[in-house]
Amino acid sequence: MASAGLFRKTRFAPTPSGYLHLGNIFSFALTAALAERTGAGILLRIDDMDRERANPDYIQDIFDTLRFLDLPWTEGPQDAQELESHYSQRHRLNLYKQALDKLLDSGLVYACSCSRAQILKQSTDGAYRGTCRHKGLALDTQDVAWRLNTESAQTVSVKTLDGTCLNAALPNDVQDPVIRKKDGFPAYQLSSVVDDVYFGIDLVVRGQDLWPSTLVQLHIASLLKEDHFLNTAFYHHQLILDSHQRKLSKTAGDTSVHYLRKQGCSAEEVYERLGKELHLSGPLKHWRDLAFLLP
Ligand SMILES: [Zn+2]
């Protein structure tokens, strides 16, 4: 069992591309419960790199929803203004650039001109088939993404809550990940690693759907020689599925907390709804009630 003083800092890392839903809340609730048990602080890290999708309403919704559900954080922006002035990912562009430069030095970065449609045509699962890997396109070509060649990637070791390690190979869907997007900004897998290193995160709680991301982020961190990140403990939790056995998405309207609040639900009622989605036998009225689910 993960005990007090074990971890220094974990994080809530929402992307403001939709209203927070019960799946996000489940993840944050487990994060809060685990942080409380282990004495870790919680950073609120809003992934706002993608300005086109980062709608101001969704940013405000993050602050409103966390406060409404009594989900605490000890570091990071208190409101949208502080996000803009101090914590936005736009303030860390030079850190991402330094990381990109390091990866360039490794000789494993190449330019890819494929469109999303072309990639989907080549593989039904959306995995990239390495089409441009050996084309030798110049990195400064207009409208190309930068990818990291993972052909020679070794098995990745993931530290778990109890300190033991799981070893796994990079799954197909994260092979040759994009590290710089066509718009010139860093891609999620890279900015996430850089941010977690920068803020000193040593505990990451996320859904099982992000297991491939964990593996590719650890691979990127090993190329960057970020030993601290390689020592991060990861806890991957079950997902809340809808009636079609699909994971909840940001467009899943009736499971958004925004929607539930508009229907007049109290915080307790939102947690009760979460308990129902999880098929819990006992009552769930607060995030602390989820502590029993933790290993
Ligand atoms: Zn390509």
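Scroll up to find the structure this text is about.
Residues numbered from 1 in each chain as written. Predicted model: local features only at pLDDT ≥ 70, side-chain atom pairs only at ≥ 80, totals over all residues. Heavy atoms only, no water.

Enquirer: So what exactly am I meant to see when it comes to the packing of helix α6 (residues 188-198) against helix α7 (residues 211-223) here?
Expert: Pairs of packed helices are described in terms of their axes, by the angle between the two and the distance that separates them. Orientation of α6 relative to α7, taken along the N-to-C sense of each, is 65 degrees, at an axis distance of 9 Å. Classified by the interaxial angle, the pair formed by α6 and α7 is roughly perpendicular. Between α6 and α7 lies a crossing of right-handed hand. For the pair formed by α6 and α7, the contact residues are Tyr188, Gln189, Leu190, Ser192 and Val193 on the first element and Ser213, Val216, Gln217, Ile220 and Ala221 on the second. For the contact of α6 with α7, the per-class residue count stands at 6 nonpolar, 4 polar and no charged. (Axes fitted to C-alpha atoms, helices over the stretch in contact; angles between N-to-C directions. Helix = DSSP H or I, 4+ residues; strand = E, 2+ residues; numbered from the N terminus. Parallel < 35°, antiparallel > 145°, perpendicular 65-115°, else oblique. Left-handed = near helix turned anticlockwise from the far one by under 90°. Contact = heavy atoms within 4.5 Å. Nonpolar A, V, L, I, M, F, W, Y, C, P; charged D, E, K, R; others polar.)

Enquirer: Even after reading the chapter, I still don't get the coordination of the zinc ion, so can you show me in this structure?
Expert: Ideal values for angles at a metal depend on the geometry: 109.5 degrees with four tetrahedral donors, 90 or 180 degrees with six octahedral donors. For the zinc ion, every protein donor is listed as Cys112 (SG), Cys114 (SG), Tyr128 (OH) and Cys132 (SG), and the spread of their distances is 2.1 to 2.3 Å. Note that the zinc ion binds 4 donor atoms; their angles at the metal cover 98 to 121 degrees, and the shape is tetrahedral. Along the chain, the residues that donate to the zinc ion are spaced as C-x1-C-x13-Y-x3-C. One end of the pair, cysteine 112, is in strand β3 (residues 109-112); the other, tyrosine 128, is in the loop between α5 (116-122) and β4 (145-148), with 16 residues separating them in the sequence. For the pair shown, cysteine 112 and tyrosine 128 are each scored as buried. (Donors = N, O, S within 2.8 Å, 3.2 Å for Na, K, Ca; no water. Tetrahedral: all angles 85-135°; square planar, octahedral: opposite > 155°, others 65-115°. Buried < 20%, exposed > 50% of the residue type's maximum accessible area, 1.4 Å probe, protein only.)

Enquirer: Explain helix α4 (residues 93-105) here, please?
Expert: The end-to-end C-alpha distance of α4, which contains 13 residues, comes to 18 Å, matching closely the 18 Å that a straight helix rising 1.5 Å per residue would cover. All of the buried residues along α4 are Tyr96, Ala99, Leu100 and Leu103. Take α4 and look down its axis: the buried residues cluster within an arc of 100 degrees, on one side only. More than 90 degrees from the buried face of α4, the exposed residues found are Asn94 and Asp105. Elements in contact with the buried residues of α4: β3, β4, β7 (178-180), α6 and α7. (Expected span 1.5 Å × (residues − 1). Arc of directions from axis to C-beta.)

Enquirer: Hey, could you run me through the side chain of aspartate 47 in this one?
Expert: Tracing the backbone shows aspartate 47 in the loop between β2 (41-44) and α2 (56-68). A relative accessible area of 8% means that aspartate 47 is categorised as buried. There is a polar contact of 2.9 Å between the side chain of aspartate 47 and the side chain of arginine 45. Within polar-contact distance, the side chain of aspartate 47 engages the side chain of glutamine 89 at 3.4 Å. (Polar contact = N/O pair within 3.5 Å; in protein donor to acceptor, adjacent residues only side chain to side chain.)

Enquirer: Help me understand the packing of α4 against α6 in this model?
Expert: α6 packs onto α4 with a crossing angle of 115 degrees between their chain directions and a minimal axis gap of 10 Å. Here α4 is positioned roughly perpendicular relative to α6, judged by the angle of their axes. Crossing of α4 over α6 shows right-handed handedness. From α4, Leu95, Tyr96, Ala99, Leu100 and Leu103 reach across to α6, where they touch Leu190, Ser191, Val194, Asp195 and Tyr198. Split by residue class, the contact of α4 with α6 holds 8 nonpolar, 1 polar and 1 charged.

Enquirer: Is there a simple way to explain the packing of aromatic side chains in this structure?
Expert: What describes a pair of aromatic rings is the distance from one ring centre to the other and the angle between the planes of the rings. Within the structure shown, the criterion is met by 5 aromatic pairs. Plain terms: the ring middles of tyrosine 19 and tyrosine 58 are 4.9 Å apart, the flat faces sit at 85 degrees to each other, and that makes the pair edge-to-face. Placement of the pair is tyrosine 19 in the loop between β1 (9-12) and α1 (22-38) and tyrosine 58 in helix α2, with a sequence separation of 39 residues. Plain terms: the ring middles of phenylalanine 229 and phenylalanine 234 are 6.0 Å apart, the flat faces sit at 65 degrees to each other, and that makes the pair edge-to-face. For the pair formed by phenylalanine 229 and phenylalanine 234, the shared burial category is buried. Positioned above the aromatic ring of tyrosine 128, the side-chain terminus of arginine 147 is 3.5 Å from the ring centre. The ring of tryptophan 146 has arginine 180 lying over it, and the distance from NZ or CZ to the ring centre is 4.0 Å. (Phe/Tyr/Trp six-rings, centres within 6.5 Å; stacked < 30°, edge-to-face > 60°. Lys NZ or Arg CZ within 6 Å of the ring centre and 35° of its normal.)

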